[in-house]
Each structure stands twice: as structure tokens, then as C-alpha cells.
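Examination of the molecular architecture
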Amino acid sequence: MISAERLRSLVERIERLEEERKTLGSDIKDIFGQAKSAGFDEKVLRQLIRLRKQDPADVELHEALLDTYRRALGM
């Protein structure tokens, strides 16, 4: 048997979190706008944030492979 109260509680929590996520997304968008108006490139900032989330060893390996591929293509 399904507990209606438990189900309602879970649905309400999910709804609250989705609303928070929407608010956070808007805040992040605003910050990227501020960065752009200060002369920073949004695409590069996003890439930098993505790199900071990765393990440093993985980043180093990726950069070494990228460098190898660039040299192979004469870039």
C-alpha cells in the first residue's frame, strides 16, 4: 500500500529543490553576465570551472594528449 503522506512529502521536497535549482541557475546566469561586462569570456570561464572540478591528474593527462594531437596536426 502506498502512503499518501510519504508520497506528498517526497513530491513537495522535489518541487522545493527544483525551485531552488531554478533560482541558482538564474543567479549563476547573472554572475556570468557580470563577468562578461567586466571583459571575461563566458565560454572560457565555463571551461575553467569544468577543469577545476576534475582531478588534477586527469587534467594533466588530457592537456598532454591535446598537445600531442595538436603537434601531430601541425598546430
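It should be emphasised that the depicted structure is a prediction, and the values quoted were computed from it without experimental measurement.

1. Comments concerning the overall build of the chain
The number of helices and strands found in the chain is 3 helices and 0 strands. When the helices and strands of the chain are placed in sequence order, the string is α-α-α. Relative to the 2.2 N^0.38 estimate, which gives 11 Å for 75 residues, the radius of gyration of the chain is 21 Å and therefore markedly larger than a compact globule would have. Counting only C-alpha atoms, the chain reaches 65 × 35 × 20 Å along its principal axes. Accessible surface, the chain as shown: approximately 7,200 Å² in total, 58% of it carbon and sulfur. Side chains of the chain carry 15 positive and 15 negative charges; the gap between the two charge centres is 3 Å.

2. Details of helix α2 (residues 42–53)
Residue pairs three or four apart in sequence face the same way in an α-helix, which turns once every 3.6 residues. Between its first and last C-alpha, α2 extends 17 Å over 12 residues, near the 16 Å set by a 1.5 Å rise per residue. For α2, the side-chain oxygen to backbone nitrogen distance between the N-cap and lysine 43 is 2.9 Å, and the N-cap itself is aspartate 41.

3. Overview of helix α3 (residues 56–72)
With 17 residues, α3 should reach 24 Å at 1.5 Å per residue; the first-to-last C-alpha distance of 24 Å fits that figure. Here α3 starts with a cap whose side-chain oxygen sits 3.0 Å from the backbone nitrogen of alanine 57, and that cap is aspartate 55. Note on α3: the residue one or two positions beyond its end, glycine 74, has a positive phi of about 70 degrees.

4. Overview of the pattern of salt bridges
Per the stated rule, a full pass over the model turns up 4 salt bridges. Taking the shortest distance from any N to any O, the salt bridge between glutamate 42 and arginine 46 comes out at 2.9 Å. With glutamate 42 and arginine 46 both in helix α2 and 4 residues apart, the pair spans about one turn of that helix.

5. Describing a nonpolar patch on the surface
Residues Ile2, Leu7 and Val11 make up a contiguous nonpolar surface patch of about 290 Å² in total accessible area. Note on placement: leucine 7 falls in helix α1 (residues 4–37). Judged by its relative accessible area of 46%, leucine 7 is partly exposed.

Reading guide: rules and limits
Residues numbered from 1 in each chain as written. Predicted model: local features only at pLDDT ≥ 70, side-chain atom pairs only at ≥ 80, totals over all residues. Heavy atoms only, no water. Helix = DSSP H or I, 4+ residues; strand = E, 2+ residues; numbered from the N terminus. Rg over C-alpha atoms; globule rule 2.2 N^0.38 Å. Areas by Shrake-Rupley, 256 points an atom, 1.4 Å probe, with all protein chains shown as cover. Lys, Arg positive; Asp, Glu negative; His and termini not counted. Charge placed at Lys NZ, Arg CZ, Asp CG, Glu CD. Expected span 1.5 Å × (residues − 1). Polar contact = N/O pair within 3.5 Å; in protein donor to acceptor, adjacent residues only side chain to side chain. Salt bridge = Lys/Arg side-chain N within 4 Å of Asp/Glu carboxyl O. Patch = residues over 30% accessible without salt bridge, like charges linked within 9 Å, V, L, I, M, F, W, Y side chains within 5 Å. Buried < 20%, exposed > 50% of the residue type's maximum accessible area, 1.4 Å probe, protein only.

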